[in-house]
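# Working through the structure, step by step
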Amino acid sequence: MKLAGTDRTRSTGLARLLKMRETGLIAIILVLFVAMSFASPYFLTWVNIRAMVMAFAVEGIVVVGMTVLLISGGIDLSVGSVTALAMVIAGLLFLNGVDPWLASAIAIAACTGIGALMGFFVTRIGLHHFIVSLAVMVIARGLCLLGTGGRPLGLYTLPESFKFIGQGSIGPIPVVILIFVVVVVVFDFLLRRSTPFRRVFYTGSNEKAAAYSGIRTKKVIFLTTTLCSALSGVAGVIYMARFGSAQPTFGTGMELNVIAAAVIGGASLKGGSGTILGAILGAVLLSVVSSSLALLNVSVYWQDIIRGSILLAAVTVDHYLNKKRG
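Residues numbered from 1 in each chain as written. Predicted model: local features only at pLDDT ≥ 70, side-chain atom pairs only at ≥ 80, totals over all residues. Heavy atoms only, no water.

## Structural notes on the packing of aromatic side chains
Scanning the entire structure with this criterion turns up eight aromatic pairs. For the pair Phe187 and Phe197, a centre-to-centre distance of 6.2 Å together with 70° between the ring planes defines the contact as edge-to-face. Taken as a pair, Phe187 in helix H8 (residues 175-193) and Phe197 in helix H9 (residues 195-205) lie far apart in primary sequence, 10 residues in all. Take Phe187 and Phe197: they sit in the same class, and that class is buried. An aromatic cluster is present here, built from Tyr239, Phe243 and Phe250 joined pairwise through their rings. For the cation-ring pair, Arg198 lies above Phe201, with the distance from its terminal atom to the ring centre recorded as 4.5 Å. (Phe/Tyr/Trp six-rings, centres within 6.5 Å; stacked < 30°, edge-to-face > 60°. Helix = DSSP H or I, 4+ residues; strand = E, 2+ residues; numbered from the N terminus. Buried < 20%, exposed > 50% of the residue type's maximum accessible area, 1.4 Å probe, protein only. Lys NZ or Arg CZ within 6 Å of the ring centre and 35° of its normal.)

Here's what the structure looks like:
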């Protein structure tokens with residue numbers, strides 16, 4: 001009897017594992033790895049693997065913020081523009097004699113302020129996240145172009161100690177990847193174990209019910225909106241250190257990749273569900289697909305079509321699952 005109970009527990013655990021969105025994503029990624037190892041001799045090389053990881057590592061920090069925001073029921077279309085604005089603010093301050101670390105702190109604070117402003121318009125004025133973030137996306141991009149005259153800022157004199165966060169390595173592991181892993185682990189733990197962050201799920205699932213149960217839902221939405229912009233600012237500073245420049249047009253289309261990664265990983269556009277691990281696996285999948293298409297010499301235009309199709313498929317699956325739950 002005891003053995004039968006143990007077997008039943010194991011089978012139940014296996015069934016749960018197989019139903020997890022993350023398990024399916026890992027399986028798809030592994031299949032792509034195996035297929036591409038035969039399709040291209042360059043795919044499994046250290047140079048290509050490192051390039052893939054570096055490609056999504058910094059953007060993955062923004063994915064974390066977007067995932068938390070989506071779970072709370074919001075969305076942010078301005079992340080690409082805010083990331084570029086962080087680069088421009090920090091770059092301009094540095095060129096005017098400000099220490100790069102202080103300049104970066106000011107840039108991140110400015111991006112946090114932008115998120116707080118968006119949160120104000122959503123929670124106090126009553127506007128929708130989509131409209132507010134769309135307006136901020138245009139404004140932030142305009143500020144980038146205004147501040148630079150539309151030209152990249154060459155930051156050739158950045159000190160090595162600062163560039164280390166974007167270009168350096170500790171042993172064989174780039175610092176960028178270590179920062180990314182720390183951000184992912186911290187926020188994944190908070191979403192799973194922290195009571196304040198569990199309120200994000202309750203707010204996104206049913207804001208009115210959460211409010212009736214005593215949760216300050218407007219505060220939750222305000223903080224998640226602010227967090228998303230703050231992490232975009234952090235990403236912008238790391239990009240600046242990595243490239244040694246500030247590009248006013250950087251991050252165009254980033255919102256598509258970030259939202260796609262989060263939704264592919266299980267974050268619902270209706271709020272209330274999602275995991276950091278799933279979103280990061282979504283980012284990994286998109287990075288593997290992009291790398292595979294490039295190695296197979298697929299046209300850049302087709303790559304955009306394929307990425308858009310993957311997003312459409314993910315949203316369709318999300319809609320179907322929400323409908324099934326309802």
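## Focus on the pattern of salt bridges
Within this structure, the stated rule accounts for two salt bridges. With its nearest N and O atoms 3.0 Å apart, the salt bridge here joins Asp188 to Arg192. Here Asp188 pairs with Arg192, and both are found in helix H8, just four residues apart, close to one helical turn. For Arg192, a relative accessible area of 42% gives the class partly exposed. (Salt bridge = Lys/Arg side-chain N within 4 Å of Asp/Glu carboxyl O.)

## Description of the packing of helix H3 (residues 46-71) against helix H11 (residues 217-243)
Interhelical geometry of H3 versus H11 gives an angle of 170° and a closest axis separation of 7 Å. Classified by the angle between their axes, H3 and H11 sit roughly antiparallel to one another. For the pair formed by H3 and H11, the contact residues are Met54, Val58, Glu59, Ile61, Val62, Val64, Gly65, Met66, Val68 and Leu69 on the first element and Thr224, Thr225, Leu227, Cys228, Leu231, Ser232, Ala235, Ile238, Tyr239 and Arg242 on the second. Partitioning the contact of H3 with H11 into residue classes produces 14 nonpolar, four polar and two charged. (Axes fitted to C-alpha atoms, helices over the stretch in contact; angles between N-to-C directions. Parallel < 35°, antiparallel > 145°, perpendicular 65-115°, else oblique. Contact = heavy atoms within 4.5 Å. Nonpolar A, V, L, I, M, F, W, Y, C, P; charged D, E, K, R; others polar.)

## Re the side chain of Thr217
Structurally, the position occupied by Thr217 is in helix H11. For Thr217, a relative accessible area of 7% puts it in the buried group. Leaving out residues up to four positions away in the same chain, Thr217 has contacts with Thr203, Glu207, Ala210 and Ala211.

## Notes on the nonpolar core
When a protein is soluble and globular, its nonpolar side chains tend to lie buried together. One finds Val64, Phe187, Ile276 and Ile280 to be the most contacted residues of the largest nonpolar core, which totals 91 residues. Counting residues per element, this core draws most heavily on H3, which supplies 14 residues. In contact with Phe187, not counting residues within four places along its chain, are Val64, Phe197, Leu227, Leu231 and Ile276. (Core = buried A, V, L, I, M, F, W, Y, C linked by side-chain atoms within 4.5 Å.)

## So, a nonpolar patch on the surface
On the surface, Leu117, Phe120, Phe121, Ile125 and Leu127 cluster together to form a nonpolar patch covering roughly 440 Å² of accessible area. Inspection of the secondary structure puts Leu127 in the loop between helix H5 (100-125) and helix H6 (129-148). (Patch = residues over 30% accessible without salt bridge, like charges linked within 9 Å, V, L, I, M, F, W, Y side chains within 5 Å. Areas by Shrake-Rupley, 256 points an atom, 1.4 Å probe, with all protein chains shown as cover.)

## Observations regarding unusual backbone geometry
In this structure, Asn297 is a non-glycine residue whose phi angle is positive, near 60°. In this structure, Asn297 sits in the loop between helix H13 (276-295) and helix H14 (300-325).

## Re the environment of Arg199
Structurally, the position occupied by Arg199 is in helix H9. In sequence terms Arg199 and Thr275 are 76 residues apart; their C-alpha atoms lie 14 Å from each other. For Arg199, the contacting residues outside a window of four places in its chain are Ile215 and Val220.

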